[in-house]
Amino acid sequence: MDNREPSRFKGFGVASWDGLLNALKITQAVCPIFPPLQAAVGALYTVLQNIQTAASNTNDIKELGDYVVKLNDMLQSSVPREMDACPKALQERIEALSRKLSIICQSLRKIGSRPFGIRILSADRTSGEIQGHIKDLTWAINNFIVGGTISIELAVDELQERVGAKLDVLTSHVTGIRHQISELAAHVQSPDSTFLPRYAITARFDHSKHRVSCEDNTRTETLASIYRWILSDVSHSGMTSPPVFWISGVAGSGKSTIAQTVAEWCHERKYLGASFFCSRDSAECSNVGLVFPTIARQLAQHNSEFNNRLVEVMTTDRDIQSAAVARQLKHLIVDPLKRSFHSGTCVIIIDALDECRDSEATSVILAALARYIAELEPLKFLITSRPVHNVSAGFRGTGLGASTQHLVLHEIPMESTERDIRIYLEKNLTRISAIYQITSPWPPTSAISSLVQKSDGLFIFAATAIKFIEDPSGGEDPDTRMRSVLLSETSEAASSPHRLLSTLYLQVLRTAFPEVPRSLRARLKMILGTLALSCERLSAASLEVLMSLPEKSTREALRQLHSVIIVPDSEYEPIRLIHPSFHDFLVDPLRCTDSNFSVRSTVQHTIIATRRLFTMKTLLRRDMCNINDLSKLNIEIPNLAERIQRHIPLPLQYACRHWAFHVSHSDINDELFEHLKDFCYKNMLHWLEVLSLLGELDNAIEALYVTLRMLVRHPLPQSDILILLEDCIRIVRQCLPGLRASCFQAYKGVVPFCPRQTLLRKLYYEQSPRAVEVLSGLDETWSPCVQVIEGHNDWVLDLAISAENGNVVSACRDHSIRVWSRTGAHLHTLDGHSDQVTSVLFYHPRGQILSASLDSSIRVWDMMTGACLHTRTVQAKVQALACSTDGHFVAVGCHDAHILIWDASKLDSDPVVLRGHRHQVNSIQFFHDCSHLVSGSHDRACKLWDIQTLQCQQTFPGRTEVMSVAAAPDNLTIACGLADNTISMWQAGVTSGSRILRGHESLVWSVDFSPDGTILASGSWDHSIRLWDVGTGAVLHTLMGHADQVRCLRFSADGTRIGTGSCDHSVRIWDLSAILSRPLTSAVKQKRNLSTLLKLRGHVLHKQSEPKWDARTGNYIDLTCAHHSAVVRALAFSANGTRLATGSWDGTIRLWNAVTGAHLGTSKSVGTLITSLSFSPDGKRIASSSYDGAVRLVDAKTVNCESVLTGHSGAAWKVVYAGQQLLSCSDDGSVRLWNVTARPSEGRVLLQKDRSAIYQIACSSTIEVVAIGSLDDIDPDSRCGYVTITLLNIRTQNILWTTNPAGSVESLSFSRDGSRLLSCFSSGLISLWGVTVATNGAKVEVALVSTFEAGNAIENVSFTPDERSILSDASYHRISQSLSPSGGGTNRSPAQRVGVHYLKDDWLWCGFPDPRRLCWVPVAFRHVRSRSKMYRGSMAVFNNVIAFGTERGTVVLLDASRCA
């Protein structure tokens, strides 16, 4: 008998196992002074030898082996070789590791001792158990290594200041820190600046007293050159100077000192318009998104007209601060400037631009200036920076260099620089001599010359040397200190540009701390490391709170370092490093060669991250600022700046902003992991509230992403952290606009819209006690659609996803192009095309966007600024655009059947023309190896073109029009989306027939292959996206969500996402990892934790039951699903509000319990749009009108059709009950009255108009008068006419009154007594008419009682139950007693006192007793008003229940009764 185990148990490579076992042997050998650890490792080695064939994951084994190697390195290099020399805390860690290894070893031994047969039968369970234990082993070793590293590096165990014991210190420090209002002004909006952009006040030139200007008689030539540039326009000498002056120089060359001097000079002479001094140790001063808003605010302070224009911009576009930098410049400065500043020089100073956080290859600030510099007169920009690549590229590569005067400080003749340094040294050393009363001539000339030589042209060296020499804290006299500087030896390579400066910094540290005891070393490195790695400046008090240090300890530790660190007198003013070069010195072990002072970044980040998370755990709570009014937007909160100052101390602000940055750069250990768990389980909503208040909400998604990405790289113990982080990312994406506007949406607008089975909803439900409740329309788990981007007002025809940053560009039928950030923020609108934009793509080799249009042009846009760089016109309309993957070629497909190809660098040259198609070319794409081009045409052919020979190499004949083509990465497989609803798959070079993929119900607009070529995605007229297995042709998944045709789709570069654009005006982003159970590419394989997350989500591959496509309606019909499968146009509540009827383009009527949200029944489809619904007064029947002209009566219990009333010859648009009778209207120009009690039902024509369409009717409660809204005298060609409102006597059929308002009539409604009539129009205008005076022959202006503006497009209007107010679907208006209907408000019952609700600007409002916002409603839960009426969703309200019919067919019921 063969006793060998089956091969399915095998899975580990020999190298992985051998490497692990060899590493364990070494571990056993290097820890003889720790017998328990040595024994545990030995036992583990034996057990792993025995069970190695029963596991199944080589990655886990390799990872464990890597960690064992790290453990060995630590034991060999960092742990003392004698037990007595080993710190007690480290001994305890080793003992804890030994115990953990022993426990795991015992568990593995039990698995290995199982009988062979049992192991065979339970192979999968055995493998899973071993994998779990291996993960536990890895985590145990990782936790020991991280904890040991921190202990050895910082000796934190000897600080005796554990975080949990520092709450008293934290509380006392928070009290003191609340006095720091000056630092808060940049992060919040004060009451007098509600409609002005955020303002980085600390970036002003005059904010810090520590900024210094040039000494007298120094930098004279440089300053004179700058002043001449400024004054050239003032002197009227005829001289012209460029609008930009750039000063560049290496670190320490004096750029900021010059900028400060010029700023003071300009300020004194009233030339200074604004200043922004960048600083990488300040979050606000390094935020590239605050540069232009801050400059705009300062300009507004100088010019009232500019201020007024700026307020207008902020009022109309409150999200401008999250827009791209170039768009900020355009709207915040360029546009207001045109209408305000007219003459006079105005200087803008931007210092140290290289210290802004800007990851782009070209500075976004300079790229924006390059685009608009010609429109910025009279502004002049002085910019300083180091000569870093992205700043240099910003001048060279954007054209800005042609408008710039450039001065390079380190190219100024050395004798000039040395002269200035000598003047500086002589003046300051003379001052020091006087202070210390040095009598003999001091210093000698030779000493000054030596200092000048050591400075090597760097002013920062001279400044640091002076500070060091005069510092009295060490007890040494100035002469001794100067001699120590002169005698210090450099330890860096002679070629290092900062070798002398590094030597000086090290000299300063060693002089301050000649001996560094272990306890002092720990505290000193903690303080220096925090100052060096923090994202913004911290005061001594803040640093001590955040790092749990004793009070006054920071000041004491830094007492002798004033020459390199500026420590203010106040505990609450920020500490500053003297220069960024000192930060670089501390974190670079090649420069800071003394381990007593060098900062190990990962260790320090781990400590900082742990303290930040603890700060949030301790201080975060609901309603941090005690606002107590959940309806207000952040900008409406009185005294918000003072509230934040009083209630959110700076340490907490810092923690909320930057915890994720420190976590992402740290090593995870048990302590940090537990704090992360606490944050995820208890404080995420509180964190979102604070970020919203601070205006930092846009950074939340990135913070969560970087944390999630970091965690999946670590061998974490089992937990739900990853699930909660993913939940939070999804809900922030979904609710970002609302969260950004109101901090309370963290509670009112997040949890209610979380899917029912999400962990975040379960954990945080109790934190949302006064929120709306979603009764219907809530998914059980997250949809694969991770983001819906709104903003377009027409069909989205094409899109692309950036491979560099995940940004999205989308092309629209309205001639515009929009660029969106990865989070959905609107970055740019690219205007210029004069017809539909048919195609767009990112052209990354040049940082550009290419677009093609039916206006017969191709345009090239700057990706960063949105500027149109080039326009190339051709002879025919352009339908398709493609760029080769190497960036060398650009091709277009045209309506004249030609394909044009250019060298991408020579778009102005004549193109190569490929001829062969006989009709318009719909789609083209290059092969990935750029050898061929594939094209598809209306002539039913797909052609393959050889790029070298420019000949058609192969023609693939088709049965119908080819709408789209795609080429797989294998450079062989071609997919064609066809007009006959199929996809044909061809192989290049193969002449046999194609493989046909069937599944779509209508033509296939777009196809695209995944980056690894294993999946084909297709988008169709049938509203669906299908994912196909390329190998088998099977449908892997069908994505539903769009409410109209899917015109375009693209995979992201990493294959994890698909972007789709639709005729429903939206762009959607879909997450493939949440759809497919197998990894897509090797680049996106996830670790076990992420796989567990997806399994818990329930997103596993399964066969879907799909709705049936109805070609008559162009929509799906699904009678098995509770919700509709197409746009819901009609909603009606029963008289008592307990039931809701809904009608849709899918031709069905569905009935709902309006109290519970339960689906009660579905009618058979009538095959056309249900246009309106009405319950009978007794609630037993539902009447419907439909696009086929029929009126139907449906049983309100069974939803079965009882009768069909025919007579209208056109679409029936409205049906209403008039007592026991029924009124209907049609675009055949008729109004009919039906006697539905008769058998069969009888109908008669009340009104017939020729060349008219009647869309709206309303009947008075007395059933005497019917109000009619129509379009009359319609021109048969243009379909235009004039709008009429008519009052008709039902009994006599006489027309009582007519008027012709402007705008289409959307709704009509009578008061209960019939004395008042309301009409509303698509423009948002509401008119209140006096019926009595109108029917007595009054003129229109007399009959018109009043008008109201809703502010949004509206579709329904009515009186509130007490008739003291008017309610539309977008507004609420109180009316006076004199305007109210006769007897209005006399019978207000308790039932009628419940809230009246409406949706304005996507916010759900309650109008009673006073108007207040309840929550922002995500797009998936409401209709989209920008769509045309025929394809727009709908809204209805009854008391506290709000119903939405969405474009995708979902019926949403919200219960607002808890919001009281």
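Residues numbered from 1 in each chain as written. Predicted model: local features only at pLDDT ≥ 70, side-chain atom pairs only at ≥ 80, totals over all residues. Heavy atoms only, no water.

A. Seen up close, the overall build of the protein. Across its full length, the protein holds 35 helices and 67 strands. Scored against the burial criterion, the 1460 residues of the protein give a buried share of 61%. Sequence-distant contacts, at least 24 apart, represent 60% of the contacts inside the protein between residues at least 6 apart. Per element, the accessible surface of the protein, about 55,000 Å² overall, is 50% carbon and sulfur. (Helix = DSSP H or I, 4+ residues; strand = E, 2+ residues; numbered from the N terminus. Buried < 20%, exposed > 50% of the residue type's maximum accessible area, 1.4 Å probe, protein only. Contact = heavy atoms within 4.5 Å. Areas by Shrake-Rupley, 256 points an atom, 1.4 Å probe, with all protein chains shown as cover.)

B. Just the sheet that holds strand E25 (residues 951-957), in detail. The antiparallel open sheet is built from four strands, whose spatial order is E22-E23-E24-E25. Since the sheet does not close on itself, it has two edges, and those belong to strand E22 (921-926) and E25, each with one partner. Averaged over all adjacent pairs, the angle separating strand axes in this sheet is 20°, with direction ignored. Of the strand pairs in this sheet, strand E24 (residues 941-946) and E25 are connected by six bridges, and their pairing is antiparallel. Following the sheet pairing, Cys-942 is matched in E25 by Phe-956. (Pairing = 2+ DSSP bridges. Axes fitted to C-alpha atoms, helices over the stretch in contact; angles between N-to-C directions.)

C. Seen up close, the pairing of strand E27 (residues 973-978). Burial analysis of E27 places six of its six residues in the buried class, the great majority of the element. Where burial is concerned, the two faces of E27 agree: the one with Thr-973, Ala-975 and Gly-977 and the one with Ile-974, Cys-976 and Leu-978 are both buried. Sheet topology places strand E26 (residues 962-967) next to E27; five bridges connect them, and they run antiparallel. Bridging from a neighbouring strand, Ala-966 pairs with Ala-975 of E27. Sheet topology places E27 next to strand E28 (residues 983-987); five bridges connect them, and they run antiparallel. When the bridges of E28 are listed, Ala-975 appears paired with Met-985. Connecting E27 to the antiparallel partner E28 that follows it, the hairpin turn spans four residues, and Asn-981 within it adopts a positive phi of roughly 80°.

D. Local environment of the packing of helix H27 (residues 650-664) against helix H29 (residues 700-711). Running from N to C, H27 and H29 point in directions that differ by 20°, and their axes come no closer than 9 Å. In terms of orientation, H27 and H29 fall into the roughly parallel class. For the crossing formed where H27 meets H29, the hand is left-handed. Across the interface between the two elements, Trp-659, Ala-660, Val-663 and Ser-664 from H27 touch Ala-703, Val-706, Thr-707 and Met-710 from H29. Looking at the contact of H27 with H29, its residues break down into six nonpolar, two polar and no charged. (Parallel < 35°, antiparallel > 145°, perpendicular 65-115°, else oblique. Left-handed = near helix turned anticlockwise from the far one by under 90°. Nonpolar A, V, L, I, M, F, W, Y, C, P; charged D, E, K, R; others polar.)

E. A look at unusual backbone geometry. The linkage connecting Trp-442 with the following residue, Pro-443, adopts the cis geometry, with an omega of -5°. Among the structural elements, Pro-443 can be located in the loop between helix H16 (414-435) and helix H17 (445-455). A cis amide bond, omega 0°, links Phe-1408 with the succeeding residue Pro-1409. Looking at the secondary structure, you find Pro-1409 in the loop between strand E63 (1403-1406) and strand E64 (1412-1416). Of note, the phi angle at Lys-270 is positive, near 65°, even though the residue is not glycine. With respect to the helices and strands, Lys-270 occurs in the loop between helix H10 (255-268) and strand E2 (272-277). Although it is not a glycine, Asn-971 sits at a positive phi angle of roughly 60°. Along the chain, Asn-971 falls in the loop between E26 and E27.

F. Region of the structure containing the packing of aromatic side chains. In total, this model carries 23 aromatic pairs according to the counting rule given. Both rings, one in Phe-679 and one in Trp-687, keep their centres 5.6 Å apart while their planes meet at 75°; by these two values the pair is edge-to-face. Residue Phe-679 is classed as buried on the basis of its relative accessible area of 2%. Residue Trp-687 is classed as buried on the basis of its relative accessible area of 0%. Geometrically, the ring pair formed by Tyr-1372 and Tyr-1398 is stacked, given 6.4 Å between the ring centres and 10° between the ring planes. A residue pair is termed long-range when its members are at least 10 positions apart, and Tyr-1372 in strand E61 (residues 1372-1374) and Tyr-1398 in strand E62 (residues 1397-1400) qualify at 26 residues. Pair check on accessibility: Tyr-1372 and Tyr-1398 agree, each one buried. (Phe/Tyr/Trp six-rings, centres within 6.5 Å; stacked < 30°, edge-to-face > 60°.)

G. Looking closely at the side chain of Asn-303. Structurally, Asn-303 can be placed in the loop between helix H11 (291-302) and helix H12 (304-316). In this view, Asn-303 contacts Ser-340 and Phe-341; residues no more than four positions away in its chain are not counted.

H. Spatial organisation of helix H25 (residues 601-619). For H25, spanning 19 residues, the distance from its first C-alpha to its last is 27 Å, which sits close to the expected 27 Å at 1.5 Å a residue. Judged by how many residues are buried, H25 sits mostly within the fold: 14 of 19 residues are covered. (Expected span 1.5 Å × (residues − 1).)

I. Structural context of the nonpolar core. If you look at the biggest cluster of nonpolar residues, it comprises 65 residues, and the most contacted ones within it are Met-616, Ile-668, Trp-687 and Val-732. Among the secondary structure elements, those contributing two or more residues to this core are H25, helix H26 (640-647), H27, helix H28 (670-694), H29, helix H30 (721-741), helix H31 (745-748) and helix H32 (759-764). Ranked by residues supplied to this core, first place goes to H28 with 13 residues. Filtering out sequence-adjacent residues up to four positions away, Trp-687 remains in contact with Met-616, Leu-620, Cys-656, Trp-659, Phe-679, Ala-700, Ala-703 and Leu-704. In this structure, Ile-466, Ala-540, Val-567 and Phe-582 belong to the second largest nonpolar core, which totals 63 residues. (Core = buried A, V, L, I, M, F, W, Y, C linked by side-chain atoms within 4.5 Å.)

What is shown is where atoms sit, not what they do.
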